[in-house]
Amino acid sequence: AQSVTQLGSHVSVSEGALVLLRCNYSSSVPPYLFWYVQYPNQGLQLLLKYTTGATLVKGINGFEAEFKKSETSFHLTKPSAHMSDAAEYFCAVSMFTGGFKTIFGAGTRLFVKA
Amino acid sequence: DAGVIQSPRHEVTEMGQEVTLRCKPISGHNSLFWYRQTMMRGLELLIYFNNNVPIDDSGMPEDRFSAKMPNASFSTLKIQPSEPRDSAVYFCASSSGTFYSGGYTFGSGTRLTVV
């Protein structure tokens, strides 16, 4: 069965510091991988996605993620955190295995300290 | 593009009452999804439609929940009768093309409180 694990329900960084949000997945077939961001009282917004091709994908707001098949990981990074990055981030995996499902991780809330 | 539009944004109702949530997907998107978000269970897929046809409703928690998509521009999620444990934020999302590879566009959600 497919699953998504986000390590750390809360991550705190200082403004200007590296942001690293971890995501591991399990899948029996090649997955499609996504990161979404949710600001308070809003819906989820797609940050970036990996489907095929280049394993390093760039998204909006300076975020990027690298698909590592050997590690079944898709960690999200940003070189320098900004106060406006404070939000909740969700990793998601989609795959077709006779039926279609997109599974979301539990989310990681990012705090950015001034 | 106005995005995915959900109404109402907030709904407070008494236990036992019928609740109807509405969603207008992005024009041209052929897949529509209903999710429920709670602190305890995170994001749960309730049901999804492809070309207005329900494909998988295995996430619908009980017979009290029903969803329809009468045309490409409108969908409803109904709860009858509502219970306090239905309190959550309900999101509608839509996507185009190969529905599992393109990513979704989410609406702003409906916060439902059942008292």
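Preceding this section is the structure that the text describes.
Residues numbered from 1 in each chain as written. Chains lettered and ligands numbered in written order. Predicted model: local features only at pLDDT ≥ 70, side-chain atom pairs only at ≥ 80, totals over all residues. Heavy atoms only, no water.

**Q** Please provide a residue-by-residue account of the side chain of Asp 86 of chain B, values included.
**A** All names here are of chain B. Structurally, the position occupied by Asp 86 is in the loop between strand 8 (74-79) and strand 9 (88-95). Reaching out from Asp 86, the side chain makes a polar contact with the side chain of Arg 64 at a distance of 2.7 Å. Filtering out sequence-adjacent residues up to four positions away, Asp 86 remains in contact with Arg 36, Arg 64, Phe 65, Ile 79, Pro 81, Leu 112 and Val 114. (Helix = DSSP H or I, 4+ residues; strand = E, 2+ residues; numbered from the N terminus. Polar contact = N/O pair within 3.5 Å; in protein donor to acceptor, adjacent residues only side chain to side chain. Contact = heavy atoms within 4.5 Å.)

**Q** Could you give an account of the state of the cysteines, naming the residues involved and the relevant values?
**A** Summed over all chains, the structure comprises two disulfides over all chains. Cys 23 of chain A shares a disulfide with Cys 91 of chain A; S-S distance 2.0 Å. Taking the sign of the S-S torsion, about -65° here, the bridge from Cys 23 of chain A to Cys 91 of chain A comes out left-handed. With Cys 23 of chain A in strand 3 (residues 19-26) and Cys 91 of chain A in strand 9 (residues 87-96), the pair connects residues that are 68 residues apart, well separated along the chain. In this structure, Cys 23 of chain A and Cys 91 of chain A share a single accessibility class: buried. Between the sulfur atoms of Cys 23 of chain B and its disulfide partner Cys 92 of chain B the distance amounts to 1.9 Å. (Disulfide = S-S within 2.5 Å. Buried < 20%, exposed > 50% of the residue type's maximum accessible area, 1.4 Å probe, protein only.)

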